[in-house]
Amino acid sequence: MKHSVPVAAAPQGAAEALIRGERVALVHDWIPLIAGAERVLQQMANCAPGSDIFTLFNFLPEETARNFFGADHRIITSGLNDLPLVEQYYRFLLLQSTRAIEAFDLSEHDVVLSSSAALAKGVITGPGQLHVSYVHSPARYAWDLTHEYIATVGGKLGGLKRAVAREMMHRFRLWDMRTAQSVDHYLANSQFIARRIWKIYRREAQVIYPPVNTGDFVPGTAARGDHFVTASRLVPYKRVEMIVEAFNRRPDLRLRVIGDGPDMKKIRQLAGPNVEMLGHVPFGQVIGEFQTARALVFAALEDFGIVPVEAQACGTPVICLGKGGTAETVRPLGNSGATGVWFEDQTVESLVGAIDRFVEGESDIRSEDCIVNAASFGEERFRQQYSECVNSLIS
C-alpha cells in the first residue's frame, strides 16, 4: 500500500559513508512517487553521501525530492523524462527504457549501486567498476506473471494488442537475461526473491530485508477494538475481495478495509454489513487503525510486504499467506514469539480457517513479540547491513 505521508528530510549522519574517497552512482528504475522502493533508495543514498542518482523518470517536485533524498544528491533523468505528458504512459515505454538505461554514462563513477525492479540493473558498467544490484523483484510481468498480464490486455483490437505485448515481453526477456550477467553482486529483499533471481538468472543473491519505517508505527494508548483491519490498494493481486468474502462468512466479526483502487466498486457491492469500507485515509489514521485492531488481515503473495511489518510495529498480530515475503516477516502460532497466523492457500476457505485459528489462539500472541519482531526490519538495521555488504566487496 502506498501511504500518503509527510516527507521527512533525509537524516544526516544516519549511517557511516558507504565509500570513502570513491565516486558512487545510484541507479533506480523510476521515481513516480514515494513508495517502498523509493524508501530503499533513500536509505542507500544515506549510506553514500554526495552520490549521483540516475533514474529514467522523476515526477517528484524538486523540493520534495531534495528533502527526501538529501540536498547533496543530484538526480539525473533520461531523455524520456522530457516527453510530453509522459507521466500518463511511462510504464508503456518498456523497450524504449531498456535503451535509455543503457544510455546513462557512469564511466566517471567507481561504484554503481542499483535499485531494480526491472531496468536499473541493466546499466552499462566497465571491468573496473563494481556493480551491486539490490533487486526488489525480477520483472513479474515479463516472467512468471506474463500470461496473466497479457490476458488483461483487451478492448478494441485486443487480439492485435496481445500479440504486440507478447513480442514486447519476448524482447524484454532477451535483454533482461543479457544484462543480468553484468551485475557483480546481487542483493535480494527476501528469500522469496532470492529464489526467483536464481530461477530466472541462475545467480546467487544475498538477502538484506528492506527498511521499514518502524519509527512512525508505534503502539497506541487507546484500547484495542473488536474489529480486524486490512490495508492495501484495491487491485486484484491484493486479494481484498477474498478477505471480504471470508468475513461475509463470519458475520460475527467486523472488518475495516483501508484503501482505494480499481476494485473499490466491486468490493463495496460485495461487502456485508459487518464490513466497513474506509477508502483512502490520512497517514495518521492508518496508524490509529493498526493500533486498535485485533489483527491485520493480509492476503497478497508479496515479494516482501511492508504493511504486515508496520502493523506488527504497532503491536498488532497479522493473519497472512504463509508464502512469499510475509512468511519471512510473520511468525505463526505454534512457534516461539508468535506474531500471527498463516493460511496456506489463497482461497476463502483457507483464510476462514486461519481467522478461526487466530480467534482460538489470540491470547497466545503478545504485542511485545510483534514489536520486537518488527524492529528487526528497521531502517538503521538496513543501513548497517547494506553498507557492511558493499564495503566487504570493495575491500
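The sections below set out a description of the structure shown in this document. None of these values were measured; they are calculated from a predicted model.

Tracing the chain through its elements places threonine 339 in the loop between helix H11 (326-329) and strand E13 (340-343). Of note is the side chain of threonine 339, whose polar atom sits 3.0 Å from the side chain of glutamine 312. Among residues more than four places away in sequence, those in contact with threonine 339 are Gln312, Pro317, Val318, Thr329, Val330, Arg331, Ile365, Asp369, Cys370 and Asn373.

Take the sheet that holds strand E7 (residues 205-207) next. Pairing is parallel across the open sheet formed by seven strands, whose spatial order is E3-E2-E1-E4-E5-E6-E7. Unpaired on one side and paired on the other, strand E3 (75-77) and E7 mark the two borders of the sheet. When the angles between neighbouring strand axes are averaged without regard to direction, this sheet yields 25 degrees. In the sheet, strand E1 (residues 24-28) pairs with strand E4 (residues 111-116) via five bridges, with the strands oriented parallel. Of the residues in E4, the one forming a bridge with leucine 26 is leucine 113. Of the strands in this sheet, E4, strand E5 (130-135), strand E6 (185-188) and E7 are in contact with helix H14 (residues 379-394), which crosses E5 at around 150 degrees.

It is worth spelling out the packing of helix H3 (residues 94-103) against helix H5 (residues 158-180) at this point. At their nearest, the axes of H3 and H5 sit 9 Å apart, and the two run at 25 degrees to each other. The angle between H3 and H5 places the two elements in the roughly parallel class. The interaxial crossing formed by H3 with H5 has left-handed handedness. In this structure, H3 contributes Leu94, Leu95, Thr98, Arg99, Ile101 and Glu102 to the contact, and H5 contributes Met168, Met169, Arg171, Phe172, Trp175, Arg178 and Thr179.

Let us look at the nonpolar core. A general trend in soluble globular proteins is that nonpolar side chains are found buried together. Counting residues in hydrophobic clusters, the biggest one holds 31 residues, and the most contacted among them are Phe228, Phe247, Ile319 and Leu351. Elements represented by at least two residues in this core include exactly helix H7 (240-248), strand E9 (254-258), helix H8 (264-270), strand E10 (275-279), strand E12 (318-321), E13 and helix H12 (348-361). Other than its neighbours up to four places away in sequence, leucine 351 contacts Met242, Ile243, Ala246, Val297, Ile319 and Phe343. With 28 residues, the next largest nonpolar core counts Leu56, Phe57, Phe59 and Leu93 among its residues.

What follows deals with a nonpolar patch on the surface. Taken together, Leu157, Leu160 and Val164 make up a surface patch of nonpolar side chains, about 320 Å² in accessible area. One can find leucine 157 in the loop between helix H4 (146-151) and H5. Residue leucine 157 is classed as exposed on the basis of its relative accessible area, which comes to 62%.

Attention now goes to unusual backbone geometry. Most peptide bonds take the trans form, and the phi angle of most residues other than glycine is negative. Even without a glycine there, the phi angle at leucine 85 is positive, about 55 degrees. Of note, arginine 239 is a non-glycine position whose phi angle comes to about 60 degrees, a positive value. Among the secondary structure elements, arginine 239 is positioned in the loop between strand E8 (227-231) and H7. By relative accessible area, arginine 239 is classed as partly exposed at 32%.

Turning to the packing of aromatic side chains, a few remarks are in order. Per the stated rule, a full pass over the model turns up 19 aromatic pairs. A centroid spacing of 6.4 Å and a plane angle of 45 degrees characterise the contact between tyrosine 141 and phenylalanine 172, whose relative ring orientation is tilted. Highlighted residues: tyrosine 141 in the loop between E5 and H4 and phenylalanine 172 in helix H5, separated in sequence by 31 residues. The partly exposed category is assigned to tyrosine 141, whose relative accessible area is 28%. Judged by centre distance (5.6 Å) and plane angle (35 degrees), the ring pair of phenylalanine 172 and tryptophan 175 falls under tilted. Taken as a pair, phenylalanine 172 and tryptophan 175 lie in helix H5 at a separation of three residues, close to a single helical turn.

This next bit is on the side chain of arginine 294. In this fold, arginine 294 is placed in the loop between helix H9 (283-292) and strand E11 (296-298). Only 2.8 Å separates the side chain of arginine 294 from the side chain of glutamate 362, close enough to count as a polar contact. When neighbours within four sequence positions are excluded, arginine 294 is seen to be in contact with Gly225, Asp226, His227, Phe228, Leu253, Thr316, Pro317, Phe358, Val359 and Glu362.

Across the eight residues of helix H10 (residues 306-313), seven count as buried, placing the element largely inside the fold. For H10, the full list of buried residues reads Val307, Pro308, Val309, Glu310, Ala311, Gln312 and Ala313. Of the residues one or two after H10, glycine 315 is the one with positive phi, at around 85 degrees.

It is worth spelling out the pattern of salt bridges at this point. By the definition in use, this model includes 20 salt bridges. The shortest N-O distance in the salt bridge between arginine 74 and aspartate 52 comes to 3.0 Å. One end of the pair, arginine 74, is in the loop between helix H2 (62-69) and E3; the other, aspartate 52, is in strand E2 (residues 52-55), with 22 residues separating them in the sequence. Of the charged contacts, one joins arginine 366 and aspartate 369 as a salt bridge, the two residues approaching to 3.1 Å between their closest N and O atoms. We classify aspartate 369 as buried; its relative accessible area is 18%.

Looking now at the pairing of E8. Of all five residues in E8, five are buried, a share of seventy percent or more. Both faces of E8 are covered, namely the face carrying His227, Val229 and Ala231 and the face carrying Phe228 and Thr230. As paired strands, E8 and E9 are joined by five bridges and run parallel to one another. Along E9, the bridge assignment pairs valine 229 with arginine 256.

Basis of the calculations
- Residues numbered from 1 in each chain as written.
- Predicted model: local features only at pLDDT ≥ 70, side-chain atom pairs only at ≥ 80, totals over all residues.
- Heavy atoms only, no water.
- Helix = DSSP H or I, 4+ residues; strand = E, 2+ residues; numbered from the N terminus.
- Polar contact = N/O pair within 3.5 Å; in protein donor to acceptor, adjacent residues only side chain to side chain.
- Contact = heavy atoms within 4.5 Å.
- Pairing = 2+ DSSP bridges.
- Axes fitted to C-alpha atoms, helices over the stretch in contact; angles between N-to-C directions.
- Parallel < 35°, antiparallel > 145°, perpendicular 65-115°, else oblique.
- Left-handed = near helix turned anticlockwise from the far one by under 90°.
- Core = buried A, V, L, I, M, F, W, Y, C linked by side-chain atoms within 4.5 Å.
- Buried < 20%, exposed > 50% of the residue type's maximum accessible area, 1.4 Å probe, protein only.
- Patch = residues over 30% accessible without salt bridge, like charges linked within 9 Å, V, L, I, M, F, W, Y side chains within 5 Å.
- Areas by Shrake-Rupley, 256 points an atom, 1.4 Å probe, with all protein chains shown as cover.
- Salt bridge = Lys/Arg side-chain N within 4 Å of Asp/Glu carboxyl O.
- Phe/Tyr/Trp six-rings, centres within 6.5 Å; stacked < 30°, edge-to-face > 60°.

That is the geometry; function is a separate question.
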